[in-house]
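So the chains spell out like this:
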Amino acid sequence: MSIETLKWRESPDREAPALIILDQTRLPVEVAEVACGDVETVAAAIEELKVRGAPAIGVAAAYGVALGAWQALAAEEESAAFRRSVGDAVERLARTRPTAVNLFWALDLMKRVLDANSGASNRELYELLRDAAHRLREDDVAICKRIGQHGAGLLKDGDRVLTHCNAGALATAGYGTALGVIYAATEGGKRIEVFADETRPLLQGSRLTAWELMQHGVPVTVICDNMAASVMAARKVDCVIVGADRIAANGDVANKIGTYGVAILAREHGIPFYVAAPTSTVDMKLASGDAIPIEERKPDEVCQGMGTRTAPQEVSIYNPAFDVTPHRLVTSIITEFGVATSPFEPTLRRWTTTGSSETDRA
Ligand code: MRU
């Protein structure tokens, strides 16, 4: 079954276009879509995690810019005002979530489309921006499949993989990064089983990863986050594969809160820890993970659940959405260009500047 995280609706009779998002806050109870017809609705959908996961956020934001252009076109703004409106859309979308660098990468790309077409009419600019968003979405699926192919070589028939959060089709325009590796391995005939960490506080592992693996017929077992150590100690895990929201030049990896703990556990138990991500997740401007901005989210996500309050009123809550795993705990980084091992920096630099199709192994 193919999962459509994001799709574009636009009819030839010029009815207003819309970005249709599979609402991930409703899964697994309900498969429901939400239509976003303007910049603000897309920005709110990103903030509320209706669409989430680094690559999916980038693609959604690109479509958000296209919708901003449509709104300015429909309002018949003159050229300078049109360009200002598109710039405002970029700024609004950039304020949604700070950690996943794919968001800023996609917005930069959209700004470059605007700047490179100074002589274009407003309608032409709208169409150019919309088509750029389409290309981002299509490229993302193709890139995920290449990540899957490279990563599948690391898995053996019968492997049991532990993953954290959701880095699957739902977190991308389709196929997924960490789960893409598992899909490619199973499509290649390997039998793979998955342990999905539930991933507190928002349960992306149990709500989303378990749901999408079941749609694909991959055997999956949900565990609470605090069970990972004992599952590893019982030798039930052959490797860990996670996604990433931002990878610094030295290979430090920001990913969903709890990933760092899983990496420490994997090291303690001698289990390989793999990170699968497109090179659009690599931020070569940051020397190390210390400079990665970590999103802090609302206390309610931690102190309310299961339909009730789960911590005393007024208690202090700390809710960082991501943590940073130091590169020394990372066995390999799998991208669309291949598999990098330590030292990561030279390989990441080459991949992000020139691109390469070689598989790099130390
Ligand atoms: O807060 P979320 O659900 O957007 O966090 C998502 C993750 O941490 C994913 O692992 C990461 O974005 C990689 S998605 C291919």
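Residues numbered from 1 in each chain as written. Predicted model: local features only at pLDDT ≥ 70, side-chain atom pairs only at ≥ 80, totals over all residues. Heavy atoms only, no water.

## Remarks on the sheet that holds strand β7 (residues 239-242)
In a beta sheet, neighbouring strands pair by backbone hydrogen bonds and run either parallel or antiparallel. The strand order across the open sheet built from seven strands is β6-β5-β4-β7-β10-β15-β16, with neighbouring strands paired in mixed fashion. Each of the sheet's edge strands pairs with one partner strand only, and the pair in question is β6 (220-223) and β16 (338-340). Strand-to-strand twist in this sheet, taken as the mean axis angle between neighbours without regard to direction, amounts to 25°. Pairing of strand β4 (residues 160-163) with strand β5 (residues 193-197), which is carried by four bridges, proceeds in the parallel orientation. Across the sheet, T163 pairs through a bridge with A196, a residue of β5. Against the sheet, helix α9 (residues 259-268) makes contact with β4, β5, β7 and β10 (273-276), and its axis sits at roughly 145° relative to β10, the strand it touches most. (Pairing = 2+ DSSP bridges. Helix = DSSP H or I, 4+ residues; strand = E, 2+ residues; numbered from the N terminus. Axes fitted to C-alpha atoms, helices over the stretch in contact; angles between N-to-C directions. Contact = heavy atoms within 4.5 Å.)

## Some points on the sheet that holds strand β9 (residues 253-256)
Here we have four strands laid out as an open sheet, ordered β11-β8-β9-β14, and mixed in their pairing. Bordering the open sheet on either side are β11 (282-283) and β14 (322-325), each of which pairs with just one other strand.

## Topic: the side chain of T325
Inspection of the secondary structure puts T325 in strand β14. Judged by relative accessible area, which is 0%, T325 ranks as buried. Among the polar contacts listed, one links the side chain of T325 to the backbone nitrogen of Y260, at a separation of 3.5 Å. Once residues within four sequence positions are removed from consideration, T325 is found in contact with D252, V253, T259, Y260, A263, F273 and V330. (Buried < 20%, exposed > 50% of the residue type's maximum accessible area, 1.4 Å probe, protein only. Polar contact = N/O pair within 3.5 Å; in protein donor to acceptor, adjacent residues only side chain to side chain.)

## Notes on the packing of helix α4 (residues 101-115) against helix α5 (residues 122-152)
The geometry of α4 relative to α5 is characterised by a closest axis approach of 10 Å and an angle of 145° between their N-to-C directions. Between α4 and α5 the crossing geometry is right-handed. Residues W105, A106, L109, M110, V113 and L114 of α4 form the contact with α5, whose participating residues are L125, L128, L129, A132, A133 and L136. Its residues assigned to classes, the contact of α4 with α5 comprises 12 nonpolar, no polar and no charged. (Left-handed = near helix turned anticlockwise from the far one by under 90°. Nonpolar A, V, L, I, M, F, W, Y, C, P; charged D, E, K, R; others polar.)

## Structural notes on the site of the ligand
The immediate surroundings of the ligand are formed by 17 residues, with R52, R97, D245, N255 and K256 found nearest. Between an oxygen atom of the ligand and a side-chain N or O atom of N255, the distance comes to 2.6 Å. Its free accessible area being 420 Å², the ligand has 100% of it covered by the protein chains. Counting only elements with at least two residues in the shell around the ligand, the list comes to α2 (54-74) and β9. For the shell around the ligand, the per-class residue count stands at seven nonpolar, six polar and four charged. For the shell around the ligand, the two domains that each supply at least three residues are domain 1 (6-143) and domain 2 (148-361). (Near = heavy atom within 4 Å. Areas by Shrake-Rupley, 256 points an atom, 1.4 Å probe, with all protein chains shown as cover. Domains from an automatic or database assignment.)

## Structural notes on the pairing of strand β3 (residues 33-36)
Here β3 shows a clear split, with V34 and C36 buried on one side and none of E33 and A35 buried on the other. Examined bridge by bridge, strand β2 (residues 18-22) and β3 share four bridges and lie antiparallel to one another. When the sheet's bridge partners are listed, L22 is paired in β3 with E33.

## Let's talk about the pattern of salt bridges
Applying the stated rule across the entire model yields 20 salt bridges. Across the salt bridge formed by E10 and R130, the nearest N and O atoms sit 3.1 Å from each other. Of this pair, E10 sits in the loop between β1 (6-9) and β2 while R130 sits in helix α5; the two residues are 120 residues apart in sequence, bridging distant segments of the chain. (Salt bridge = Lys/Arg side-chain N within 4 Å of Asp/Glu carboxyl O.)

## Details of the domain arrangement of the protein chain
You can read the domains of the protein chain as domain 1 (6-143) and domain 2 (148-361). Each of domain 1 and domain 2 has a C-alpha centre, and the two are 26 Å apart. Each partner contributes to the interface: domain 1 provides 26 residues, whereas domain 2 provides 29 residues. Between domain 1 and domain 2 the total buried area reaches about 2300 Å² when both faces are included, carbon and sulfur atoms providing 57% of it. Contact with domain 2 buries surface across domain 1, with R52, T99 and V101 losing the most and accounting together for 25% of the total. The interface formed by domain 1 and domain 2 contains one salt bridge. (Buried area = accessible area lost by both parts, 1.4 Å probe.)

## Topic: helix α3 (residues 79-94)
Turn by turn, an α-helix covers 3.6 residues, leaving residues three or four places apart pointing in a common direction. Its 16 residues place the ends of α3 23 Å apart at the C-alpha level, agreeing with the 22 Å of an ideal helix rising 1.5 Å per residue. All of the buried residues in α3 are A81, F82, S85, V86, A89, V90, R92 and L93. On its buried face, α3 sits against α1 (39-47), α2, α4 and α5. (Expected span 1.5 Å × (residues − 1).)

## So, the nonpolar core
In this structure, L19, I21, I46, V51, V65, L93 and L129 are the most contacted members of the largest nonpolar core, which totals 47 residues. For this core, the leading source of residues is α2, giving 15 residues. Residues in contact with L19, not counting those within four places in the same chain, are L6, K7, W8, V34, A35, C36, V42, A60, Y63 and L67. Grouped together as the second largest cluster of nonpolar side chains are 30 residues, I223, M232, V240 and A277 included. (Core = buried A, V, L, I, M, F, W, Y, C linked by side-chain atoms within 4.5 Å.)

## Observations regarding the environment of A69
Tracing the chain through its elements places A69 in helix α2. Through-space distance from the C-alpha of A69 to that of V42 is 13 Å; in sequence the pair is 27 residues apart. Contacts of A69, omitting those with residues within four sequence positions, involve F82, V86, Y126 and L129.

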